[in-house]
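What follows is each chain in one-letter form.
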Amino acid sequence: MTDADLIVLDQVNKRYGDLHVLRNVSLRVRRGEVVVIIGPSGAGKSTLCRAINRLETIDSGTITVDGTPLPEEGRALARLRAEVGMVFQSFNLFAHKTVLDNVVLGQVHVLGKPRAAAEATARALLERVGIGAQAAKFPAQLSGGQQQRVAIARALAMEPKVILFDEPTSALDPEMVNEVLDVMTSLAREGMTMVVVTHEMGFARRAADRVVFMADGEIVEQAGPETFFGSPSSQRAQSFLDKILIH
């Protein structure tokens, strides 16, 4: 491991009963790198993403974040989850809290920030993701795209070292997808370390430093987007691209 490596997975295995979802997966993510994980359904992409902040436990292998092995539980795990932001498919906002409070809460309770400072950060971040005017509303009053942008602001508020995105646009109506991808693209340009599981190939081409292609629980190949989309090295990736890309 070098200082440039922020996340290192080494020979990670995960089973659900007889199903071997992650098979000896090794992956390194450098600081400031945007890694986009793609592949067919059931490839293990979301499981891999969720294992990085221990929402999924692993059966064998090691995962380190910034040089520290993933803690088992308790306070150290809470601290890790503050450093490793997560944006889910289903937003996971607190329905009974305002948009502002959703972004403030973690800062106060986990980071120990004073309420006023947390609110100032939250307002600035809501502006940054383009929904500053929605601060007093509740999640149910927002569109799916707006809710997902609140979730991104909430992740950013924790000043994470990396943000994991687990299919962040797959629950959205098509016309809302781009407003979320635009925010993600600008984060990528600003140098945020990101691991993104997505079906959005346009985003992968535009924003990824590296595309990781998974199938059947394994990393089949990884390359820069031009190389991967232009001339994938495996037949498995080629047939996947043939099915999803419009020629």
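Worth saying up front: this structure is predicted, and the values here are computed from it rather than measured.

A. Inspection of the UniProt feature "domain: ABC transporter" (unreviewed entry) in the chain at higher detail. Those residues carrying the UniProt feature "domain: ABC transporter" (unreviewed entry) are residues 7-241 in this numbering. Secondary structure across residues 7-241 comprises 39% helix and 26% strand; the distance between its end C-alpha atoms is 27 Å.

B. Broad picture of unusual backbone geometry. Of note in the backbone geometry, Asp66 takes a positive phi value of approximately 55° without being a glycine. The backbone of Phe91 sits at a positive phi, close to 70°, despite the residue not being glycine. Within the secondary structure, Phe91 sits in the loop between strand E6 (84-87) and helix H3 (99-109). Among the residues examined, Phe91 registers a relative accessible area of 13% and is labelled buried.

C. Highlighting the pairing of strand E7 (residues 162-166). The element E7 is largely enclosed, with a buried count of five among its five residues. Neither face of E7 is left uncovered, since the one carrying Val162, Leu164 and Asp166 and the one carrying Ile163 and Phe165 both have all their residues buried. Between the parallel elements E7 and strand E8 (residues 193-197), the chain passes through helix H6 (residues 174-189) in a crossover that is right-handed.

D. Representation of the packing of aromatic side chains in the model. Going through the model one piece at a time under the given rule, you end up with three aromatic pairs. For the pair Phe213 and Phe240, a centre-to-centre distance of 5.3 Å together with 50° between the ring planes defines the contact as tilted. Of this pair, Phe213 sits in strand E9 (residues 210-215) while Phe240 sits in helix H9 (residues 235-244); the two residues are 27 residues apart in sequence, bridging distant segments of the chain. Like Phe213, the residue Phe240 is buried in the burial classification. Among the aromatic residues, ring-to-ring pairing joins Phe213, Phe228, Phe229 and Phe240 into one connected group. Sitting above the plane of the Phe229 ring, Arg205 keeps its charged end 4.6 Å from the centroid.

What counts and what doesn't
- Residues numbered from 1 in each chain as written.
- Predicted model: local features only at pLDDT ≥ 70, side-chain atom pairs only at ≥ 80, totals over all residues.
- Heavy atoms only, no water.
- UniProt positions renumbered as here; feature names shortened; annotations may be inferred.
- Helix = DSSP H or I, 4+ residues; strand = E, 2+ residues; numbered from the N terminus.
- Buried < 20%, exposed > 50% of the residue type's maximum accessible area, 1.4 Å probe, protein only.
- Right-handed = clockwise from strand over helix to strand, strands pointing away.
- Phe/Tyr/Trp six-rings, centres within 6.5 Å; stacked < 30°, edge-to-face > 60°.
- Lys NZ or Arg CZ within 6 Å of the ring centre and 35° of its normal.

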